[in-house]
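An overview of the molecular structure
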Amino acid sequence: MSGVILSPQHPLSAGLTSDSRLVRAYRGERADTTPVWFMRQAGRSLPEYRDLRVGTRMLDACLDPAMASEITLQPVRRHRVDAGIFFSDIVVPLKLVGVDVEIQPGRGPVFGKGYGDASAVAELTAIDPARLDEASGPITEAVQRTIAELNTTAVAGSRDASDFGGRSSTSSGTTPLIGFAGAPFTLAAYLTEGGPSKDHLAARTLMHADPGAWRALMEWTAELTGRFLRTQVLAGASAAQLFDSWAGALSLADYETHVAPASAKALSHVHDLEYRTTDAAGQAQAARPVPVVHFGVGTGELLGAMKEVGVDVVGVDYRVPLSIAAERVGADVPLQGNLDPALLAAPWPVLEAAVREVLRQAEAAPAHVFNLGHGVPPDTDPTVLTRVVELVHEAGAA
Ligand code: 1CP
């Protein structure tokens, strides 16, 4: 596929993030130390987040560029993580094209109705996914504001040689922003049910009861969520993560037949995006693809297939040790993960040993980005997260 080269101002093209720890690890290179970020690092574990969110509903916060940007930056400032993850939600593109959805506190996304049969799917898919491109102004603006902050001294400039026990981190570059989207299956798990569910039964039924309606739902969702991801990368995100959080509910056969093609289709919206840096002499370097990560929960049996949909990096949940994951996805694939979030509430010596064990298991992969096996629990003590970042940077140093 002939690529679309990102603008020279994009943080990857401008050389600001192309040699950051995160982007290097996603390319399969080991940098001065192991990069670290946490899924759900923005959010309720941070008092500054809770303060800012008072009186604002979740989706309104996501669509307020100043607020979304500030919330994205909070954990970067506080924890000195190696990436920001854009503060948004997987249902934001649905909201932007006019689907009746809200996020209920303590529950998650809830729809005005369930889209679990052919007529409801037909109603939904009558919306043109291309409408997202006209409606995504708040997303583009929030990403642009965020990277403008990350590129200036406020965050990136604080990373001087006194960080990380005096080890120079000047090679780590500017902190990159990760864009994300929900994979078609995980979005369909909410859409078919009309809200959160435990076993995602409505989605698993529809794919077999009415494969035509299922395919229509998945193809529509792929178009929409793929555009959401592309918007974030074009606006300045340096990597993209596809969350198929609930794919672990599927057998391998169902995943490969009824889900993987739609995930590949969603990712086709970012696969053509490439960046080109220039060397000191001003010579343009070879074009490189924007790195793409794929993550799901309970997906141990699917890891190989999740790699196969066409991604650079596989995110692993806490159930499968990274050394086993490396065997399943191939020895040349960088891995991200996978500390059990439950350990964040354990006594420090227990947590420290678990962090070191994750780093040890990750030696089986060409490169590693430290993360949790799923999101930060809301009642986590944020000072523990900061301490984990320091430990990873110190213990992961070459
Ligand atoms: O009131 C609040 O604070 C709402 C809680 C909350 C937050 C902070 C929700 C509702 N979404 C978010 C932000 C969010 N959602 C991010 C932000 C960036 C970060 O990680 O710091 C991201 C990446 C997501 C993505 C998301 N939303 C996923 C995939 C990741 C995952 O955790 O598996 C999923 C499944 C959702 C749906 C969703 N949104 C919110 C909740 C509570 C849920 C899960 C509900 C359920 O269990 O089904």
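**Regarding the overall build of the protein chain**
Scanning the protein chain for helices and strands turns up 16 helices and 12 strands. By the compact-globule yardstick of 21 Å for 398 residues, the protein chain fits well, its C-alpha radius of gyration being 20 Å. Its C-alpha atoms give the protein chain principal-axis dimensions of about 60 × 45 × 45 Å. Across the protein chain, the fraction of contacts at a sequence separation of at least 24, relative to all contacts at a separation of at least 6, is 72%. Side chains of the protein chain carry 33 positive and 46 negative charges; the gap between the two charge centres is 2 Å.

**Things to note about the site of the ligand**
Taken together, 25 residues form the shell around the ligand, and within it R40, Y49, Y190, S245 and H374 come nearest. At a separation of 2.9 Å, an oxygen atom of the ligand approaches a polar backbone atom of A42. The separation between an oxygen atom of the ligand and a polar side-chain atom of S245 is 2.4 Å. When the ligand is considered free in solution it has 890 Å² of accessible area, and contact with the protein chains removes 88% of it. Counting residues per element, the ones that place at least two in the shell around the ligand are α2 (47-53) and β4 (108-111).

**Here's the deal with helix α12 (residues 252-271)**
Its 20 residues give α12 an end-to-end C-alpha distance of only 24 Å, which falls more than 12% under 28 Å, the value for a rise of 1.5 Å per residue. Listed as buried for α12 are D254, Y255, V259, A260, A262, S263, A266, L267, H269 and V270.

**Details of the pattern of salt bridges**
Across all of its chains, the model carries 17 salt bridges by this definition. The salt bridge involving E123 is made with K113; its shortest N-O contact spans 2.7 Å. Taken together, the residues E123 in helix α6 (residues 118-125) and K113 in the loop between β4 and α6 connect sequence positions 10 residues apart. Across the salt bridge formed by R227 and D133, the nearest N and O atoms sit 2.5 Å from each other. Taken together, the residues R227 in helix α11 (residues 211-235) and D133 in helix α7 (residues 131-135) connect sequence positions 94 residues apart. Judged by relative accessible area, D133 falls into the partly exposed class, the value being 42%. Taken together, the shared-partner salt bridges connect D19, R24, R27 and E29 into one network.

**Observations concerning the sheet that holds strand β12 (residues 368-372)**
If you trace the 7 strands from one edge of the open sheet to the other, you get β2-β5-β6-β9-β10-β11-β12, paired in parallel fashion. At either margin of the open sheet sits one strand with a lone partner, and together these are β2 (84-85) and β12. Pairing of strand β5 (residues 177-182) with strand β6 (residues 239-243) involves 5 bridges; the strand directions are parallel. Bridging from a neighbouring strand, G182 pairs with F243 of β6. Seen against the sheet, helix α14 (residues 322-329) touches β10 (313-315), β11 (335-339) and β12 and runs at an angle of roughly 150° to β11.

**Quick notes on the confidence of the model for the protein chain**
With 94% of its residues at a pLDDT of 70 or more, the protein chain has an overall mean of 94. The low-confidence segment residues 154-171 (pLDDT under 50) makes 38 contacts with residues lying over four places distant or belonging to another chain.

**Examining the packing of aromatic side chains**
The geometry of an aromatic ring pair comes down to the distance between the two centres and the angle between the two planes. Within the structure shown, the criterion is met by 6 aromatic pairs. Look at F180 and F228: their rings are 6.5 Å apart centre to centre, the planes differ by 85°, and that puts the pair in the edge-to-face class. Note that F180 is positioned in strand β5 and F228 in helix α11, a separation of 48 residues in sequence. Here F180 and F228 have matching classes, each one buried. The residue whose ring lies beneath R387 is W348, and the NZ or CZ to ring-centre distance is 4.0 Å.

**With respect to the packing of helix α4 (residues 65-79) against helix α8 (residues 137-151)**
Between α4 and α8, the shortest axis-to-axis distance is 8 Å and the interhelical angle comes to 35°. For the element pair α4 and α8, the recorded crossing hand is right-handed. In contact with P65, A66, A68, S69, T72, L73, V76 and R77 of α4, α8 contributes P138, E141, A142, R145, T146, E149 and L150. Residues of the contact of α4 with α8, tallied by class, amount to 8 nonpolar, 3 polar and 4 charged.

**Considering the nonpolar core**
Of all hydrophobic cores here, the largest spans 130 residues; its most connected members are W37, W214, Y255 and V388. Among the elements that take part in this core, α11 stands out by supplying 11 residues, more than any other. Sequence-distant contacts of W37, that is, excluding residues within four places in its chain, are made with L22, Y26, V81, A83, I85, I178, Q241, Q336, V369, F370, N371 and L372.

**Looking at helix α9 (residues 184-193)**
Of all the 10 residues making up α9, 9 are buried; the element is thus mostly covered by neighbouring parts of the structure. Directly after α9, the chain includes G194, whose backbone phi takes a positive value near 90°.

**Some remarks on the environment of R27**
Mapped onto the elements of the fold, R27 is located in helix α1 (residues 21-27). Considering only alpha carbons, one finds R27 and L252, 225 residues apart in sequence, at a separation of 27 Å.

**Remarks on the side chain of T17**
Examined against the element boundaries, T17 turns out to sit in the loop between β1 (4-5) and α1. Apart from residues no more than four positions distant in its own chain, T17 is found in contact with P11, L12, V23, T174, T175, P176 and S238.

So, how was this worked out
- Residues numbered from 1 in each chain as written.
- Predicted model: local features only at pLDDT ≥ 70, side-chain atom pairs only at ≥ 80, totals over all residues.
- Heavy atoms only, no water.
- Helix = DSSP H or I, 4+ residues; strand = E, 2+ residues; numbered from the N terminus.
- Rg over C-alpha atoms; globule rule 2.2 N^0.38 Å.
- Contact = heavy atoms within 4.5 Å.
- Lys, Arg positive; Asp, Glu negative; His and termini not counted.
- Charge placed at Lys NZ, Arg CZ, Asp CG, Glu CD.
- Near = heavy atom within 4 Å.
- Polar contact = N/O pair within 3.5 Å; in protein donor to acceptor, adjacent residues only side chain to side chain.
- Areas by Shrake-Rupley, 256 points an atom, 1.4 Å probe, with all protein chains shown as cover.
- Expected span 1.5 Å × (residues − 1).
- Buried < 20%, exposed > 50% of the residue type's maximum accessible area, 1.4 Å probe, protein only.
- Salt bridge = Lys/Arg side-chain N within 4 Å of Asp/Glu carboxyl O.
- Pairing = 2+ DSSP bridges.
- Axes fitted to C-alpha atoms, helices over the stretch in contact; angles between N-to-C directions.
- pLDDT = per-residue confidence, 0-100.
- Phe/Tyr/Trp six-rings, centres within 6.5 Å; stacked < 30°, edge-to-face > 60°.
- Lys NZ or Arg CZ within 6 Å of the ring centre and 35° of its normal.
- Left-handed = near helix turned anticlockwise from the far one by under 90°.
- Nonpolar A, V, L, I, M, F, W, Y, C, P; charged D, E, K, R; others polar.
- Core = buried A, V, L, I, M, F, W, Y, C linked by side-chain atoms within 4.5 Å.

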